[in-house]
Amino acid sequence: MHIFCLLLTLPLFGAEWFVAVNGRDSNVGSIDHPFGSISRAQQSSKPGDTVYVRGGRYKINESEIAKREKIWAYVILLDKSGKPGRSISYIAYRDERPVFDFSEVKPDGLRVHAFEVKGSWLYIKGLEVVGVQVTVKTHTQSICFSNNGSNNIYEQLSMHDGQAIGLYSVRGANNLFLNCDAYKNHDYISEDKLGGNVDGFGCHPRKGYTNNVFRGCRAWFNSDDGYDCINAHEAVVFENCWAFYNGYSPEFKSLKDGNGFKAGGYGSTPVDRVPDPAPRHVVRFCLAVRNKAYGFYANHHTGGSDWINNSAYMNKNNFNMLCRLKDNKTDVPGYGHKMNNNIGYKSSRREEIIQIERSECDLFNNSFQMDLVINANDFASLDEKLLLLPRNSYGGLPNIDFMRSVSGRLVEEGALVE
Ligand code: CA
Ligand code: CA
């Protein structure tokens, strides 16, 4: 019996460390004598350890910047990795809510990365990041969570009321971004002050960085797009994610791009640096509501993507499938897309879907294919307030009736809402 217990317990459990607002880095890091910073907790942590972050407001000041490198200021730098099956966890303690306030961190001329995550096998959960600043007046971007590691999980994070992108991933594979919220982020300092780089979530993987998944996330009132994967060299998956009111301020003042899901494209990248074949992004079971521009946008992608079971309401056009030839120059109506069971209602422009070459796409059961006049009675609710309800106790999206088909007519006719 004793041997059994030892075998069971020794390899499985790492150490526990605590960080608290009233802690000190000279403490031992216990619950009674917690550290004062995540950076200090990282020093003590080993693979398999858990750092519990107690609730309260962590007012970060400039002297805490972990590293200044080239054009960046990494404020909290997580560069220590866990191991397979033994991640290092940084998680909110029980149901407490730790809030990291970066509003006083304004390093002159540097891009602020509030959390720069270079480690792999990390699990970050339950942290809130507010007030991240922009100090650069020319082209720039600041970021709340910058991921450059692999096999990381980001869960129940909330990034809001700052000038920075919520979550941004470039050099990392196998990352899961789960049940996170990014909202009311707008860079009003740089360039034209309209915040053209501030997406809720950005994923732009370099070659080889496969299998990045966004699930259960919400993005609203971000000055640029809700989700953006322009310049992605590998496919990105968005599932069960919501995007609404992007491209607007909370007063519905027009800001920058404002697409719900901008899935694809390479901008002005020279053709020899554009991947061929283009990765097929996957956007499924997602919802786009009243974004300034398109709900679901292929953004000049040089190939098709998969768009499955998405719902869109009151975006400029609900679907814009615009593609580009392999030369990354010649725009053409979308080709190669697979679109199943998508429904669009009440585009603010006349057409629900634009820029699609139907004969070169695999289309099945989409509302825009059918001779079907949809009206509000087909849905259990179109009350947008439901989108802002609190998450459930597991951090999942609230279970709401928004755009849920009631009459059965949409299902019978083929346009499944879910
Ligand atoms: Ca933009
Ligand atoms: Ca964008």
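Check the entry above for the structure.
What you see is a predicted model; the values in this text were computed from it and never measured.

To continue, consider the overall build of the chain. Across its full length, the chain carries 3 helices and 35 strands. Computed over its C-alpha atoms, the radius of gyration of the chain comes to 22 Å, within 12% of the 22 Å expected for a compact globule of 418 residues. With the principal axes as the frame, the chain shows a C-alpha extent of 70 × 55 × 40 Å. The buried share of the chain, taken over its 418 residues, is 59%. Per element, the accessible surface of the chain, about 17800 Å² overall, is 51% carbon and sulfur. Across the chain, 47 positive and 47 negative side-chain charges occur, with their mean positions spaced 4 Å apart.

One open sheet holds the 11 strands; their spatial order is S4-S5-S8-S11-S14-S17-S20-S23-S26-S29-S34, and the pairing between them is mixed. The sheet is open, and its two borders are formed by strand S4 (67–69) and strand S34 (353–354), each paired with just one other strand. Here strand S5 (residues 72–78) runs beside strand S8 (residues 111–117); their pairing, made up of 6 bridges, is parallel. Along S8, the bridge assignment pairs Leu78 with Val117.

For the calcium ion (ligand 2), the protein coordination sphere consists of Asp199 (OD), Asp199 (OD), Asp224 (OD), Asp225 (OD) and Asp228 (OD), at 2.2 to 2.8 Å. Donor residues for the calcium ion (ligand 2), ordered by position in the chain, follow D-x24-D-D-x2-D. Distance-wise, the calcium ion (ligand 1) is placed 3.7 Å from the calcium ion (ligand 2), both being coordinated by Asp224. Its relative accessible area of 2% is what places Asp224 among the buried residues.

Time to look at the side chain of Glu234. For Glu234, the location among the structural elements is in the loop between strand S20 (227–228) and strand S21 (236–239). One buried charged residue, Glu234, remains without a salt bridge, the closest side chain of opposite sign being Lys207 at 4.1 Å. Within the structure, the side chain of Glu234 is placed 2.6 Å from the backbone nitrogen of Gly208, a separation counted as a polar contact. Residues contacting Glu234, with those up to four places away along its chain left out, are Pro205, Arg206, Lys207, Gly208, Tyr209, Thr210, Pro279 and His281.

In the first shell of the calcium ion (ligand 1), the protein supplies Gly196 (O), Asp224 (OD), Asp224 (OD) and Asp257 (OD), at 2.4 to 2.9 Å from the metal. Read from N- to C-terminus, the donor residues coordinating the calcium ion (ligand 1) fall into the pattern G-x27-D-x32-D.

With that settled, consider the pairing of S8. Across the 7 residues that make up S8, a large majority, 7, are buried. Pairing geometry for S8 and strand S11 (residues 143–147), over 4 bridges, is parallel. Each residue of the ladder has a partner; that of Phe115, found in S11, is Phe145.

This part covers the sheet that holds strand S32 (residues 338–340). Strand order in the open sheet formed by 12 strands is S1-S2-S6-S9-S12-S15-S18-S21-S24-S27-S32-S35, with parallel pairing between adjacent strands. With partners counted over all chains shown, the strands left at the sheet margins are strand S1 (16–19) and strand S35 (362–364), one partner each. Neighbouring strand axes in the sheet, compared pairwise and without regard to direction, differ in orientation by 10° on average. Sheet analysis places strand S18 (residues 212–215) next to S21, joined by 4 bridges and oriented parallel. Paired with Val213 across the two strands is Val237, which belongs to S21.

Glancing now at unusual backbone geometry. Among all residues save glycine, negative phi is the norm, and among peptide bonds the norm is trans. The residue after Asp276, namely Pro277, is reached through a cis peptide bond having omega 5°. Checked against the element boundaries, Pro277 lands in the loop between strand S23 (261–262) and strand S24 (282–284). The backbone of Asn179 shows a phi angle near 55°, a positive value even though the residue is not glycine. Structurally, Asn179 is set in the loop between strand S15 (176–178) and strand S16 (181–185). The exposure class of Asn179 is buried, given its relative accessible area of 11%. Positive phi values are uncommon outside glycine, yet Met403 reaches one of about 60°.

Looking now at the packing of aromatic side chains. Enumeration according to the criterion identifies 32 aromatic pairs in this entry. An angle of 25° between the planes, with centres 5.2 Å apart, marks the rings of Phe214 and Phe238 as stacked. Separated by 24 residues along the polypeptide, Phe214 in strand S18 and Phe238 in strand S21 bring together distant segments of the chain. Each member of the pair, Phe214 together with Phe238, is buried. Ring centres of Tyr313 and Phe402 lie 5.8 Å apart, and the angle between their planes is 70°; this geometry places the pair in the edge-to-face category. Of this pair, Tyr313 sits in strand S28 (residues 311–313) while Phe402 is found in the loop between S35 and helix H3 (409–413), placing the two residues 89 residues apart along the sequence.

Among the secondary structure elements, Asp225 is positioned in the loop between strand S19 (218–222) and S20. A distance of 3.4 Å separates the side chain of Asp225 from the backbone nitrogen of Gly258, its partner in a polar contact. A distance of 2.9 Å separates a polar side-chain atom of Asp225 from the backbone nitrogen of Asn259. Aside from chain neighbours lying at most four places away, what touches Asp225 is Val198, Asp199, Gly200, Asn246, Asp257, Gly258, Asn259 and Lys262.

Under the counting rule described, the total for this entry stands at 0 disulfides. Free of any disulfide, Cys180 has its nearest cysteine sulfur in Cys217, 4.7 Å distant. Taking relative accessible area as the criterion, Cys180 reaches 0% and is therefore assigned buried. Residue Cys361 stays outside any disulfide, its sulfur separated by 7.1 Å from that of Cys323, the closest cysteine.

Rules and cut-offs
- Residues numbered from 1 in each chain as written.
- Chains lettered and ligands numbered in written order.
- Predicted model: local features only at pLDDT ≥ 70, side-chain atom pairs only at ≥ 80, totals over all residues.
- Heavy atoms only, no water.
- Helix = DSSP H or I, 4+ residues; strand = E, 2+ residues; numbered from the N terminus.
- Rg over C-alpha atoms; globule rule 2.2 N^0.38 Å.
- Buried < 20%, exposed > 50% of the residue type's maximum accessible area, 1.4 Å probe, protein only.
- Areas by Shrake-Rupley, 256 points an atom, 1.4 Å probe, with all protein chains shown as cover.
- Lys, Arg positive; Asp, Glu negative; His and termini not counted.
- Charge placed at Lys NZ, Arg CZ, Asp CG, Glu CD.
- Pairing = 2+ DSSP bridges.
- Donors = N, O, S within 2.8 Å, 3.2 Å for Na, K, Ca; no water.
- Salt bridge = Lys/Arg side-chain N within 4 Å of Asp/Glu carboxyl O.
- Polar contact = N/O pair within 3.5 Å; in protein donor to acceptor, adjacent residues only side chain to side chain.
- Contact = heavy atoms within 4.5 Å.
- Axes fitted to C-alpha atoms, helices over the stretch in contact; angles between N-to-C directions.
- Phe/Tyr/Trp six-rings, centres within 6.5 Å; stacked < 30°, edge-to-face > 60°.
- Disulfide = S-S within 2.5 Å.

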